[in-house]
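Working through the structure, step by step
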Amino acid sequence: MVCRLSRGTSGRLPMKWAPTGAGAELTWAACLACATAPSGREPPSQSSPSWPCQFNHHQPLRFNASAPSIHSLASSPHHCCILLFFTTTTTTFPAPLPSLHALLALHCLAPWGMGAAAARSALSSAGRAANEAVSLVVFMLLDALEVLLCVVYKVSDYVLEGAWRPCYCSSRSSPASAATGKIVVSERGGSKVVSMVSATKLHLEDISDTLYARPSVLASAAAAASPSGASRRRPAGVTVHSTIVQMLRGKIGVGDGKHRPYPSPRWSDCHCANCNPADTGRLFVHVEAPTTRREEVVEDVLFIHGFISSSGFWTETVLPHVSAGARARRRLFAVDLLGFGRSPKPADSLYTLREHVEMIERSVIERYGVRSFHIVAHSLGSILALALAVKYPAAVKSLTLVAPPYFPVPRGEEVGTQYVLRTVAPRRVWPPIAFGASVACWYEHLSRTVSIVLCKHHRLWELAFRVFTLYRVRTYLMDGFFCHTHIASWHTLHNIICGSAGKIDKCLEVVRDQLTCDVTVYHGRDDELLPVHCSYAVKAKVPRAEVKVIDGKDHVTIVVGRQKDLARELEEIWDRKR
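Residues numbered from 1 in each chain as written. Predicted model: local features only at pLDDT ≥ 70, side-chain atom pairs only at ≥ 80, totals over all residues. Heavy atoms only, no water.

An unreviewed UniProt entry annotates the protein chain as AB hydrolase-1 domain-containing protein originating from Digitaria exilis.

Here's what the structure looks like:
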């Protein structure tokens, strides 16, 4: 039997349809939105009667056979329709049912709870309306400010660097051409490839269209209201955005005088030694190796940090708590990703998934002769971890993903990258973390301004923080947050997180079907940046994955603050394959 409980915190089954007897058992419950959006998913097992839900419905509903009532998540701030599935093999019903699997809409809430539920619903609706109204005004003003900043930075770049620099807000896509003989665009098996004169290759599927297809608030509203605009198709043929073409021409040194290479660092970047390492061909790698001979090392562990972070996220938290026994058999590697921390920050890079993975290979796997390794990755690093696992299926012994940014693209979405962009950055002023993500994702020049204020002068901010706290607080999180360039953060955000739509699905399918390694996923229940349903979506794609949701932890404190427990749990994961 299938029943549906409408909005509300609790409700009582009408006795006419209430199952009676000891055989009445709640098999599983699911939110309507989550039960219908994913296709091809089987109901959870009876041992786990809850279904991952984007509305934070993570606890199973409870059914009392003696006093038929349903208590549906009184603590949840969201209330939507809940599906209730009962086993009816030994259950009797006082009234005949239309069919064994009839869908019953139960709209009768207990009188004592109806007023409170209605008041909460009204307040919630008013809050959402106010948030949307304020957000519309704020982001319209930010759209206007973005246009002004575009002009300011065009002039500043020309004055300080002697050349007009392209940007994604003012340039447009155009049919690619091989007229210069330097960039050749072709299609191979459906994937679009940009082949440069140099030995490197840049695949267009690594470049997210969210870099240049970011409509303003008014344009988005007009497109949503227009039936013709909603169904508008992209022009046929292979096109390359003019900004990308100009960056590539400058990178490979086209000698027409119009496309000068980017100076590195640029005038808007920090010029300190930490931000500009002498070795520009490899990443900064923190290595902790045992004192025993190399032949006695069984395997290695690779730690990958998340967005606008650094290796200090791991070296200052988890690594000091790894036991001596685990260190005696393994080497521990923690990298600063390309464009972050003490790693190179090339101004002419597009920071694609391919570039990030190749730099990790060159800096760790090839340099240190890594043959068998575990991967521990946080946030954005989870995408790189999956790409490495797919590339080295026999070498990866376990995958530990902490707060992975996985947003399955629902059916009906023509452009998955745009869906991820809207999900990660919903252009809302509340909560504050959504506002920050929206500014970082939607506004190229505004985010560059923030980078100039914070990153270019990061030494001043770090000194001020130390003085303010009387040198009592360690600043490793600030070091990772400030030590990056705008070009690195902007392209990594769009090409890795937004551009991962569809790619993560393929990687997870390979992990599910071709790899045998353990997959463990950690997520903080209070994570407002990446909701916990991202990890449950990984579980739905890779059934053997073990999801551990930690109460009271968010996107950062899932590691920081519980590093001792996490180090112990990681050692248990590593020892499973010994």
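Details of the overall build of the protein chain
Rule in force here: Think of it this way: any DSSP run of H or I at least four residues long counts as a helix, any run of E at least two long counts as a strand, and we number them from the N terminus. Using a 1.4 Å probe on the protein chains alone, a residue whose accessible area is under 20% of its type maximum counts as buried, one over 50% counts as exposed, and one in between counts as partly exposed. What makes two residues a contact is simply this: any of their non-hydrogen atoms within 4.5 Å. Using the Shrake-Rupley algorithm and a 1.4 Å probe, accessible areas are obtained, with residue cover drawn only from the displayed protein chains.
Across its full length, the protein chain holds 18 helices and 19 strands. In the protein chain, buried positions account for 50% of the 578 residues. Considering only contacts within the protein chain whose residues lie at least 6 apart along the sequence, 76% involve residues at least 24 apart. Put simply, the protein chain shows about 26800 Å² of open surface, and 59% of that area lies on carbon and sulfur atoms.

Digging into the nonpolar core
What tends to happen in soluble globular proteins is that the nonpolar side chains get buried as a cluster. Inclusion rule: Put simply, buried Ala, Val, Leu, Ile, Met, Phe, Trp, Tyr and Cys residues joined by side-chain atoms within 4.5 Å make one nonpolar core.
If you look at the biggest cluster of nonpolar residues, it comprises 73 residues, and the most contacted ones within it are Leu302, Ile304 and Leu399. The element contributing the most residues to this core is helix H9 (residues 381–391), with 7 residues. When neighbours within four sequence positions are excluded, leucine 399 is seen to be in contact with Ile375, Ala385, Leu386, Ala389, Val511, Cys517, Asp518, Val519 and Thr520. With 23 residues, the next largest nonpolar core counts Phe303, Phe313, Val402 and Ile573 among its residues.

Quick look at helix H8 (residues 353–365)
Under the convention used in this document: Between the first and last residue of a helix there are one fewer steps than residues, each counted as 1.5 Å, and that sum is the expected span.
Taking 1.5 Å as the rise per residue, H8 with 13 residues should run 18 Å; its terminal C-alpha atoms sit 17 Å apart, in good agreement. Of all 13 residues in H8, 10 are buried, a share of seventy percent or more. Where H8 is concerned, the buried positions are Leu353, Glu355, His356, Val357, Met359, Ile360, Glu361, Ser363, Val364 and Ile365.

Brief notes about the confidence of the model for the protein chain
Defined as follows: Confidence of the predictor at the level of single residues is given by pLDDT, which spans 0 to 100.
The share of residues in the protein chain with pLDDT of 70 or more is 66%, and the mean pLDDT across the chain is 75. Looking over the protein chain, one finds the lowest element-wise mean pLDDT in strand E7 (residues 103–106), namely 34, and the highest in strand E16 (residues 373–378), namely 98. The model gives residues 195–199 a pLDDT under 50, and that stretch makes 10 contacts with residues more than four places away or in other chains.

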